[in-house]
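Now for the letters of each chain:
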Amino acid sequence: MKIISTPLELKDELKHINKSIGFIPTMGALHEGHLELIKNARKGNDIVVVSIFVNPTQFLQDEDLDRYPRRDEADKKICELAGVDILFFPSSSDIYGDDEIKIEAPNVRGYILEGATRPGHFSGVLTIVMKLLNIVNPTRAYFGKKDAQQLHLISLMVQQYFMSVEIVPIDTIRDSDGLAQSSRNIYLSAQERQEALKIPSSLYEAAKMVSSGTIDVKKIRSKMLDILNPLEISYVEILNHNFEIIQEVEMKNTIILVEVISGETRLLDNIWL
Ligand code: PAF
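Residues numbered from 1 in each chain as written. Predicted model: local features only at pLDDT ≥ 70, side-chain atom pairs only at ≥ 80, totals over all residues. Heavy atoms only, no water.

## Examining the overall build of the protein chain
This is how the line gets drawn: Only DSSP runs of H or I with at least four residues qualify as helices, and only runs of E with at least two residues qualify as strands; both kinds are numbered from the N terminus onward. C-alpha atoms define the radius of gyration in this analysis, and the globule rule sets the expected value at 2.2 Å times the number of residues to the power 0.38. Burial classes follow relative accessibility: with a 1.4 Å probe on protein chains only, a residue under 20% of its type's maximum area counts as buried, one over 50% as exposed, and anything between as partly exposed. Residues count as neighbours in contact if any of their non-hydrogen atoms are within 4.5 Å of one another. Computed by Shrake-Rupley with a 1.4 Å probe, the accessible areas treat only the displayed protein chains as cover when residues are assessed. Charge assignment in this entry is limited to Lys and Arg as positive and Asp and Glu as negative, and neither His nor the chain termini are counted. Charge positions come from single atoms, namely NZ of Lys, CZ of Arg, CG of Asp or CD of Glu.
Along its length, the protein chain carries ten helices and nine strands. Over its C-alpha trace the protein chain gives a radius of gyration of 19 Å, about what one expects of a compact globule, namely 19 Å for 273 residues. With respect to the three principal axes, the spread of C-alpha positions in the protein chain is 55 × 40 × 40 Å. Out of the 273 residues belonging to the protein chain, those deemed buried represent 52%. For the protein chain, the proportion of contacts with a sequence separation of at least 24, taken over those separated by at least 6, is 71%. For the protein chain, the accessible surface area stands at approximately 13,500 Å², while carbon and sulfur atoms represent 49% of it. One way to put it: in the protein chain the 30 positive side-chain charges average out to a point 4 Å from where the 39 negative ones average out.

Right, here's the structure in full:
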């Protein structure tokens with residue numbers, strides 16, 4: 001596995017490769033969810049590139065940028081064992097300069113749900129993803145469905161900016177107790193983790209209600225709020241796959257999203273129906 005830290009070096013390395021490239025952008029602290037993305041990229045492409053970059057522009061001022069988990073050496077080993085060909089490990093000054101052109105998240109879909117509690121977060125995500133896709137120029141890029149709004153906005157950017165990369169969504173990986181894997185789960189105390197299991201329970205209950213014929217969004221949402229009580233809920237929303245409000249669940253075009261704050265930790269989860 002080659003480790004490359006500057007955009008020019010990476011572009012140079014990939015310039016003459018006439019093969020399909022699968023790309024997984026990450027912020028490190030790799031877990032099984034990332035491994036699933038790498039596995040899929042490995043299956044579908046000749047070359048696999050992973051980037052590790054804790055992107056400062058997607059953190060708001062009072063957020064956890066400084067304490068975001070960094071496990072560089074372990075991450076390198078994980079990538080190597082997972083069969084990654086190139087690891088891109090830039091520093092902030094390799095990526096950002098002064099007085100930059102900004103990519104702005106869309107006014108509505110970029111500022112609802114996580115975008116409402118973290119205004120500007122998705123502009124930072126789209127900016128870094130645009131930069132990374134331009135550096136790597138991959139055939140396919142892999143993103144987890146757990147970060148559903150991020151996945152939606154990146155797909156929208158690729159479509160609206162006529163970019164030629166294929167965005168490949170990958171299912172959420174869960175621990176055996178049902179909690180969705182996330183780099184931030186390590187912040188949870190044993191008790192917070194136990195309470196957080198209400199999140200997957202609320203989603204399973206919602207899916208059960210739908211499969212037994214309840215499609216009224218208000219009823220499903222109210223049941224989920226009961227299950228999640230007394231957690232600090234940022235949102236429970238039931239939307240279509242285009243992130244628009246619906247009154248009734250429509251099969252193959254509905255997503256149920258939850259965000260809960262546990263202690264200092266933001267926990268996201270969802271199911272796609
Ligand atoms: O999902 C993440 O880890 C980040 O938001 C991403 C896509 C790597 C951009 O920094």
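## Quick word on the site of the ligand
Formally: Throughout, the term near means that a residue has one or more heavy atoms lying within 4 Å of the molecule or strand in question. Residues adjacent in sequence count toward polar contacts only when both atoms are side-chain atoms; beyond that, a polar contact is any pair of N or O atoms within 3.5 Å, and within protein one must be able to donate a hydrogen and the other to accept it. We place a 1 Å grid over just the protein atoms. Points where a 1.4 Å probe fits but has no way out form a cavity, open points with protein on both sides within 12 Å along at least 5 of 7 lines form a pocket, and any residue with an atom within 4 Å of a point lines it. Any molecule with more than half of its atoms within 2 Å of a cavity's or pocket's grid points is counted as sitting in it. Classification used: nonpolar for Ala, Val, Leu, Ile, Met, Phe, Trp, Tyr, Cys and Pro, charged for Asp, Glu, Lys and Arg, polar for all others including Gly.
All residues in the neighbourhood of the ligand are listed as Pro 25, Thr 26, Met 27, Asn 55, Gln 58, Ile 128 and Gln 150. Gln 58 is positioned such that a nitrogen or oxygen atom in its side chain is 2.6 Å from an oxygen atom of the ligand. Here Gln 150 contributes a side-chain N or O atom positioned 2.7 Å from an oxygen atom of the ligand. In the complex, 89% of the free accessible area of the ligand, which totals 280 Å², lies under the protein chains. Counting atoms within 2 Å of the grid points, the majority share of the ligand lands in the largest cavity. A breakdown of the residues in the shell around the ligand according to their chemical character gives three nonpolar, four polar and no charged.

## Overview of the nonpolar core
Let me state the cut-off plainly: What makes a nonpolar core is a set of buried Ala, Val, Leu, Ile, Met, Phe, Trp, Tyr and Cys residues whose side-chain atoms join them at distances within 4.5 Å.
Ranked by internal contacts, the top residues of the largest apolar core, which has 35 residues, are Leu 10, Val 49, Val 129, Leu 133, Ile 154 and Ile 167. For this core, the secondary-structure elements that each account for two or more residues are α1 (7-15), β2 (21-26), β3 (47-52), β4 (86-88), α6 (121-136), β5 (140-144) and α7 (148-160). With ten residues, the top contributor of residues to this core is α6. The contacts of Val 49, once residues within four sequence positions are left out, are Leu 14, Ile 21, Gly 22, Phe 23, Ile 24, Ile 86 and Val 136. Counting 24 residues, the second-largest nonpolar core is a separate cluster that includes Leu 197, Leu 203, Val 258 and Val 260.

## Points about the pattern of salt bridges
What counts, and what does not: Should a side-chain nitrogen of Lys or Arg be within 4 Å of a carboxyl oxygen of Asp or Glu, the pair is scored as a salt bridge.
Scanning all chains against the criterion turns up 19 salt bridges. Linking Asp 12 and Lys 15 is a salt bridge whose minimum nitrogen-to-oxygen distance equals 2.9 Å. With Asp 12 and Lys 15 both in helix α1, this residue pair falls three residues apart, about one helical turn. Its salt-bridge partner being Glu 73, residue Lys 76 comes within 3.2 Å of it at the nearest N-O pair. Remark: Glu 73 and Lys 76 occur in helix α3 (residues 72-81); sequence separation between them is three residues, near one turn of the helix. One network of salt bridges, in which partners are shared, links Glu 63, Glu 114, Arg 118, Glu 259 and Arg 266.

In short, the description is geometric, and any link to function would need to be established separately.
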